[in-house]
Amino acid sequence: MSDSSAELRERVRDRYAAAAIAVTTGRAASCCGGESCSTEDLTGGHYGEAERAELPEEAVLASLGCGNPLAVAELRAGETVLDLGSGGGIDVLLSAVRVGPEGKVYGLDMTEEMLALALANKAKARAENVEFLKGHIEAVPLPANTVDVIISNCVINLSTDKPAVFAEAFRVLKPGGRLGISDVVAEDHLTAADRAERGDYVGCIAGALSFAEYREGLVAAGFTDVEITPTHEAVEGMHSAIVRATKPADAPTLRELPLTATGEGCCS
C-alpha cells in the first residue's frame, strides 16, 4: 500500500472511530466531513420506523450508510450473509432477523471502536446468528465460496483498492451468490478532480467511482447481471445508488487463499 493510500485508510479509521465514540455518548454519528454533505442528503431516509424499532438505539445512531441494502438484497431464510464495513451493526442485525436462526450473518470492519459498539448492539439484540470479524474489505478473512449474499452500505467508495474489494467479494461468494449494496456513485462526466471538489474522501464523495467505472470493475472481477440504479442525488452529480450483481452459477471453484495479516477473526 502506498503512503497516500495508507494515510487515507487511517483518516477513514479515525473518522469512524470518532463516530463510534460519539454514539456511546448518545449522539448520532455522521460520515460527512465539513460541508461535503449532510446525513439527510446521503442516507435519503431509507430505514423505516418498523426497521428501526427492531434495533438497539445505538445501532440506529451509528448508521452511516447511503441507503438500505436489505431493500434490494432479497434475503431468504437460511442464507449466509456478509456485510462489508459493518460499522455499528445495523444492517447485520436487520439481516439476522431476515435469514432466521438457520442463517448466519458476518459483519466485517477494521475499526476497533466500531467492532466494540457492534458487539454491544449484538448482545442487546440477542442475535445468536451473528459474528463480527476484524479486517479489511480488500482481504476478507473468510474462505472462498462461503456466503450467499454480500451487502454493504456506503463503504466501498472509501476503499483505496476497489479492484481488490470486488475480487474478494467474488471469491467469498458461492457460485450463484449475489451482491446487493448501496454506495455513492458519480456521473460519468465527472473527473476525479470534479469529485474531490464536491466533498472529501472520508465524507464518502471524493473516492466514489463513476457508473462506468463501477460496472467495469465488477465485470472485471467476474460478476454478471450488473445493475446500478441511482436513488437520489447526494451532491451535484453524485448519487446514492443501488448496485446489484451475480456470481455465475457455473463459476469455477476458486483456490483457497491463506488469510493475510490484514484480517483476523474477532467476535462470535
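What counts as what
Residues numbered from 1 in each chain as written. Predicted model: local features only at pLDDT ≥ 70, side-chain atom pairs only at ≥ 80, totals over all residues. Heavy atoms only, no water. Helix = DSSP H or I, 4+ residues; strand = E, 2+ residues; numbered from the N terminus. Buried < 20%, exposed > 50% of the residue type's maximum accessible area, 1.4 Å probe, protein only. Contact = heavy atoms within 4.5 Å. Phe/Tyr/Trp six-rings, centres within 6.5 Å; stacked < 30°, edge-to-face > 60°. Salt bridge = Lys/Arg side-chain N within 4 Å of Asp/Glu carboxyl O. pLDDT = per-residue confidence, 0-100. Polar contact = N/O pair within 3.5 Å; in protein donor to acceptor, adjacent residues only side chain to side chain. Core = buried A, V, L, I, M, F, W, Y, C linked by side-chain atoms within 4.5 Å.

A.B. asks: Talk me through the overall build of the chain; I want residue IDs and the actual numbers.
C.D. replies: When its secondary structure is counted, the chain shows 10 helices and eight strands. Residues counted as buried form 58% of the 268 residues belonging to the chain. In the chain, of all internal contacts separated by at least 6 residues, the share reaching a separation of at least 24 is 75%.

A.B. asks: I'd like a rundown of the packing of aromatic side chains, residues and numbers included.
C.D. replies: What characterises a pair of aromatic rings is the spacing of the ring centres plus the angle enclosed by the ring planes. Scanning the entire structure with this criterion turns up two aromatic pairs. With centroids separated by 5.5 Å and ring planes inclined at 45°, the aromatic side chains of F166 and Y214 adopt a geometry described as tilted. Here F166, found in helix α8 (residues 162–172), pairs with Y214, found in helix α10 (residues 211–221); they are 48 residues apart in sequence, far enough to count as distant. The same class applies to F166 and to Y214, which are both buried. Taking 5.3 Å as the distance between ring centres and 90° as the angle between the ring planes, the aromatic pair formed by F170 and F223 counts as edge-to-face. Note that F170 is positioned in helix α8 and F223 in the loop between α10 and β6 (224–235), a separation of 53 residues in sequence.

A.B. asks: Give a description of the pattern of salt bridges that names residues and reports values.
C.D. replies: Enumeration according to the criterion identifies eight salt bridges in this entry. The salt bridge involving E79 is made with R76; its shortest N-O contact spans 3.7 Å. Classification of E79 by relative accessible area gives buried; the value is 9%. Where R244 meets E227, a salt bridge forms, and the shortest distance between an N and an O atom there is 3.7 Å. Of this pair, R244 sits in strand β7 (residues 238–246) while E227 sits in strand β6, and the two are 17 residues apart along the sequence. When salt bridges that share partners are traced, they join R76, E79 and R178 into one network.

A.B. asks: With reference to specific residues and values, describe the confidence of the model for the chain.
C.D. replies: In this model, the chain carries an average pLDDT of 81, and 72% of its residues clear a pLDDT of 70 or more. Least confident of the elements in the chain is helix α2 (residues 39–43), whose mean pLDDT is 42; most confident is α10, at 98. Here residues 29–45 is modelled with pLDDT under 50, and outside its nearest four sequence neighbours on either side it reaches 52 contacts, counting other chains as well. In the model, residues 256–265 has pLDDT below 50 throughout and makes 22 contacts with residues more than four positions away in sequence or in other chains.

A.B. asks: Outline the side chain of N157, listing residues and values.
C.D. replies: Relative to the helices and strands, N157 is located in the loop between β4 (147–153) and α8. A polar contact of 3.5 Å, which involves the side chain of N157, links it to the backbone oxygen of C154. Sequence-distant contacts of N157, that is, excluding residues within four places in its chain, are made with K162, D183, V184, Y201, C204, I205, G207 and A208.

A.B. asks: Describe the nonpolar core, and please don't skip the residues or the numbers.
C.D. replies: L82, I150, Y214, L218 and F223 are the most contacted members of the largest nonpolar core, which totals 33 residues. Considering every element that reaches this core, the biggest residue donor is α8, with five residues. Contact partners of Y214, with chain neighbours within four places excluded, come to I156, F166, I181, D183, V185, L209, I228 and V243. Grouped together as the second largest cluster of nonpolar side chains are 18 residues, V81, V99, L115 and F132 included.

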